[in-house]
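Close look at the chain arrangement
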Amino acid sequence: ARLAADAGADTIEHGLELSKETLAIMKKKKIILVATDYGPATCGQIAKRDPRPDFHPCSNYVKSMSKRLLAARNQGVEVAFGSDMYFALDSPLDDRGRASLDSLLAYIEEGFTPVQTLRAATSSGAHVLGRNDLGVITPGARADLVAYDADPIKNPKTLLTPVLVIKDGVIVCGHDSEKCN
């Protein structure tokens, strides 16, 4: 990570062992940390298949990721959400979207506020992609929206139960369409 930061990379993925010096370089050069943390449910499933000590026990994994995530935030490094959901999981996380939401909620469990977490998944994610038409609600932005029956800032688990999804201005589920799962 230090070599990538010195070289001026746009992003550093994972960033598992970022020193204060590396974080300072990332802040100075506006390098974004794309954290790919797992929630306890996902970590537990990974631990069943992966003998590496990183995931045993999952409570140690969560503490380690929390320390890194909060250090980046406290140094002023922009954080974007990443999920790394490329592997098969058992039910109820067998849906990669559901597993990604578990990972998103992990940011909150690790100490990010719900607002910081949603920014990591929306506007900061769009920043990583170089897209100013994503992750914002402004004229000219893409018409992708999700609605909930409760405030996800007050209850982040609400993110698991959307009542309306609009993609490119078209209702995908909810309203008079099929129910969102």
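None of the values given here were measured: they were computed from a predicted structure. (Residues numbered from 1 in each chain as written. Predicted model: local features only at pLDDT ≥ 70, side-chain atom pairs only at ≥ 80, totals over all residues. Heavy atoms only, no water.)

This brings us to helix H5 (residues 96-109). With 14 residues, H5 extends 20 Å from end C-alpha to end C-alpha; this agrees with the ideal 20 Å at 1.5 Å per step. Every buried residue belonging to H5 is among Ala99, Ser100, Asp102, Ser103, Leu104, Leu105, Ala106 and Tyr107, and all of these are buried. Residues of H5 that are buried in the fold lie against strand S2 (32-35), helix H3 (40-49), helix H4 (58-75), strand S3 (79-81) and helix H6 (114-121). Positive phi appears at glycine 111, one or two residues downstream of H5, with a value of about 120°. (Helix = DSSP H or I, 4+ residues; strand = E, 2+ residues; numbered from the N terminus. Expected span 1.5 Å × (residues − 1). Buried < 20%, exposed > 50% of the residue type's maximum accessible area, 1.4 Å probe, protein only. Contact = heavy atoms within 4.5 Å.)

This next bit is on the sheet that holds S3. An order of S1-S2-S3 is seen for the 3 strands of this open sheet, with the pairing classed as parallel. Only two strands of the sheet have a single partner each, and these edge strands are strand S1 (11-13) and S3. Pairs of neighbouring strands in the sheet enclose a mean axial angle of 30°, with direction left out of account. For S2 and S3, the ladder comprises 3 bridges, and the chain directions are parallel. Its bridge partner lying in S3, valine 34 is registered against alanine 80. Those strands touched by H4 are S2 and S3, and its axis lies near 155° from that of S2. (Pairing = 2+ DSSP bridges. Axes fitted to C-alpha atoms, helices over the stretch in contact; angles between N-to-C directions.)

All right, on to the sheet that holds strand S6 (residues 170-174) then. Judged by pairing direction, the sheet is antiparallel, and its 3 strands sit side by side in the order S4-S5-S6 without closing on themselves. Each edge of the sheet is formed by a strand with only one pairing partner; in this case those strands are strand S4 (145-147) and S6. With strand direction ignored, the average angle separating the axes of adjacent strands in the sheet is 15°. When S4 meets strand S5 (residues 164-167), the two strands line up antiparallel, connected through 3 bridges. Bridge assignment links valine 146 to a residue of S5, and that residue is valine 165.

On inspection of all chains with the given rule, the structure shows 5 aromatic pairs. The interplanar angle of 25° and the centroid separation of 6.1 Å between the aromatic rings of tyrosine 38 and tyrosine 61 together place this pair among those described as stacked. With tyrosine 38 in the loop between S2 and H3 and tyrosine 61 in helix H4, this residue pair connects regions lying 23 residues apart in the sequence. Per residue, the accessibility class of tyrosine 38 equals that of tyrosine 61, and both read buried. When the centroid spacing of 5.2 Å and the interplanar angle of 40° are considered together, the rings of phenylalanine 55 and tyrosine 61 count as tilted. Classification of tyrosine 61 as buried rests on a relative accessible area of 6%. (Phe/Tyr/Trp six-rings, centres within 6.5 Å; stacked < 30°, edge-to-face > 60°.)

Geometric values such as these leave the question of function open.
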